[in-house]
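Residues per chain, in single letters:
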Amino acid sequence: ETGVTQSPTHLIKTRGQQVTLRCSSQSGHNTVSWYQQALGQGPQFIFQYYREEENGRGNFPPRFSGLQFPNYSSELNVNALELDDSALYLCASSLPGQGAETQYFGPGTRLLVL
Amino acid sequence: AQSVTQLDSQVPVFEEAPVELRCNYSSSVSVYLFWYVQYPNQGLQLLLKYLSGSTLVESINGFEAEFNKSQTSFHLRKPSVHISDTAEYFCAVSDLTGNQFYFGTGTSLTVIP
């Protein structure tokens, strides 16, 4: 039990739609990272937020965007969904002082794009 | 940038036998190294990590990994596996800022009774 929750657990969308995925960290977790894990693959880093600012970004197009809120929750938004966006989306948070290397992962949101 | 290669996509092994899951990384800078485990329909759990100091790191459930800088490897080992070790194992690397993590494609460990 990491104390990191994600909602919804499953989601079905159609191509071209927009989706918002949510992550709730433990109190005090001021760094959150989002990952995309396609079936049979390892997680791919999307971006990281620290104190509500983007702090690093992987090789994902601008239609992937995020927000981090003062209450340590965060969102991943994906616009103009494509079939290849079907994946498990994971968020991971970390505590100040432990460094971002100590990440706590949520259970993920499984997104299916039809 | 960093990258990770997990050489074996699937590893079947009999219960109580030893196992080694291989991981090699590529980086032009110093790195942190990690092994994560993912059970079916669950998120990733940190198994062990190398940040600095002793190159041999251990987990609480009997796994160990050794950082070998000259071979750029961080192989995971366990001397005797249990059925409950059946899971997907991911090797990961980050630079010392911890701002970006790079994961391998995973190794599916299946323990056979």
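Quick word on the overall build of chain A
- Secondary structure summary: chain A contains 0 helices and 11 strands in total.
- Counting helices and strands in the order they occur from the N terminus, chain A gives β-β-β-β-β-β-β-β-β-β-β.
- Against the 2.2 N^0.38 benchmark of 13 Å for 114 residues, chain A shows a C-alpha radius of gyration of 13 Å, consistent with a compact globule.
- Burial statistics for chain A: of 114 residues in total, 48% are counted as buried.
- Long-range pairs, those at least 24 residues apart, make up 54% of the contacts in chain A between residues at least 6 apart in sequence.
- Put simply, chain A has 7 plus and 9 minus side-chain charges, and the middle of one group is 7 Å from the middle of the other.

Observations regarding the pairing of strand 10 (residues 87-95) of chain B
All names here are of chain B.
- Across the 9 residues that make up strand 10, a large majority, 7, are buried.
- As judged from the 8 bridges shared by strand 5 (residues 31-38) and strand 10, these two strands associate in the antiparallel manner. Bridged to W35 within strand 10 is C91.
- Here strand 10 runs beside strand 12 (residues 107-112); their pairing, made up of 3 bridges, is antiparallel. Directly across from E88, in strand 12, lies its bridge partner S108.
- Sheet analysis places strand 10 next to strand 11 (residues 101-103), joined by 3 bridges and oriented antiparallel.

A closer look at the pattern of salt bridges
- Here the structure, examined in full by the defined rule, presents 7 salt bridges over all chains.
- Note that R22(A) is salt-bridged to E75(A), the shortest N-O span being 3.6 Å. Placement of the pair is R22(A) in strand 3 (residues 19-24) and E75(A) in strand 8 (residues 73-78), with a sequence separation of 53 residues.
- A relative accessible area of 42% means that R22(A) is categorised as partly exposed.
- With its nearest N and O atoms 2.8 Å apart, the salt bridge here joins R77(B) to E20(B). Of this pair, R77(B) sits in strand 9 (residues 73-78) while E20(B) sits in strand 3 (residues 19-21), placing them 57 residues apart in sequence.
- On the basis of relative accessibility, which here comes to 35%, the residue E20(B) falls in the partly exposed class.
- Overlapping salt bridges bring together R63(A), E82(A) and D85(A) as one network.

Quick word on the side chain of D85(A)
Residue and element names in this part refer to chain A.
- Tracing the chain through its elements places D85 in the loop between strand 8 and strand 9 (87-94).
- Within the structure, D85 has its side chain in polar contact with the backbone nitrogen of E82 (distance 2.8 Å).
- Those residues within four positions of D85 in sequence are excluded, and the remaining contacts are Q36, R63, F64, V78, A80, L111 and V113.

What to know about a nonpolar patch on the surface
Residues and elements named next belong to chain A.
- Taken together, the side chains of I12, L112 and L114 present a nonpolar region at the surface, about 310 Å² in accessible area.
- By secondary structure assignment, the location of L114 is in the segment after strand 11 (109-113).
- A residue is classified by how much of its surface remains accessible, and L114, at 56% relative accessible area, is exposed.

What to know about the packing of aromatic side chains
- Under the counting rule described, the total for this entry stands at 13 aromatic pairs over all chains.
- Seen from their ring centres, Y35(A) and F105(A) are 5.5 Å apart, and the 40° between their planes marks the pair as tilted. With Y35(A) in strand 4 (residues 31-37) and F105(A) in strand 10 (residues 104-105), this residue pair connects regions lying 70 residues apart in the sequence.
- Classification of Y35(A) by relative accessible area gives buried; the value is 0%.
- Judged by centre distance (4.9 Å) and plane angle (40°), the rings of F34(B) and F101(B) are tilted. Here the residue F34(B) occupies a position in strand 5, and F101(B) occupies one in strand 11, the gap between them amounting to 67 residues. There is no split in this pair, since F34(B) and F101(B) are both buried.
- An aromatic cluster is defined as three or more aromatic residues linked by ring pairs; in this entry it consists of Y35(A), F45(A), F105(A), F34(B), Y36(B), F101(B) and F103(B).

Digging into the interface of chain A and chain B
- Facing the 21 residues of chain A at the interface are 18 residues of chain B.
- Here chain A packs against chain B, burying approximately 1500 Å² in sum over the two surfaces, 51% of which is carbon and sulfur.
- Remark: the boundary between chain A and chain B carries 1 residue pair in polar contact (both at pLDDT 80 or more).
- Only strand 4, strand 5 (44-50), strand 6 (53-57) and strand 9 of chain A provide two or more residues apiece to the side of chain A that touches chain B.
- A class-by-class count of the residues in the side of chain A that touches chain B yields 8 nonpolar, 11 polar and 2 charged.

Calculation rules
Residues numbered from 1 in each chain as written. Chains lettered and ligands numbered in written order. Predicted model: local features only at pLDDT ≥ 70, side-chain atom pairs only at ≥ 80, totals over all residues. Heavy atoms only, no water. Helix = DSSP H or I, 4+ residues; strand = E, 2+ residues; numbered from the N terminus. Rg over C-alpha atoms; globule rule 2.2 N^0.38 Å. Buried < 20%, exposed > 50% of the residue type's maximum accessible area, 1.4 Å probe, protein only. Contact = heavy atoms within 4.5 Å. Lys, Arg positive; Asp, Glu negative; His and termini not counted. Charge placed at Lys NZ, Arg CZ, Asp CG, Glu CD. Pairing = 2+ DSSP bridges. Salt bridge = Lys/Arg side-chain N within 4 Å of Asp/Glu carboxyl O. Polar contact = N/O pair within 3.5 Å; in protein donor to acceptor, adjacent residues only side chain to side chain. Patch = residues over 30% accessible without salt bridge, like charges linked within 9 Å, V, L, I, M, F, W, Y side chains within 5 Å. Areas by Shrake-Rupley, 256 points an atom, 1.4 Å probe, with all protein chains shown as cover. Phe/Tyr/Trp six-rings, centres within 6.5 Å; stacked < 30°, edge-to-face > 60°. Buried area = accessible area lost by both parts, 1.4 Å probe. Nonpolar A, V, L, I, M, F, W, Y, C, P; charged D, E, K, R; others polar.

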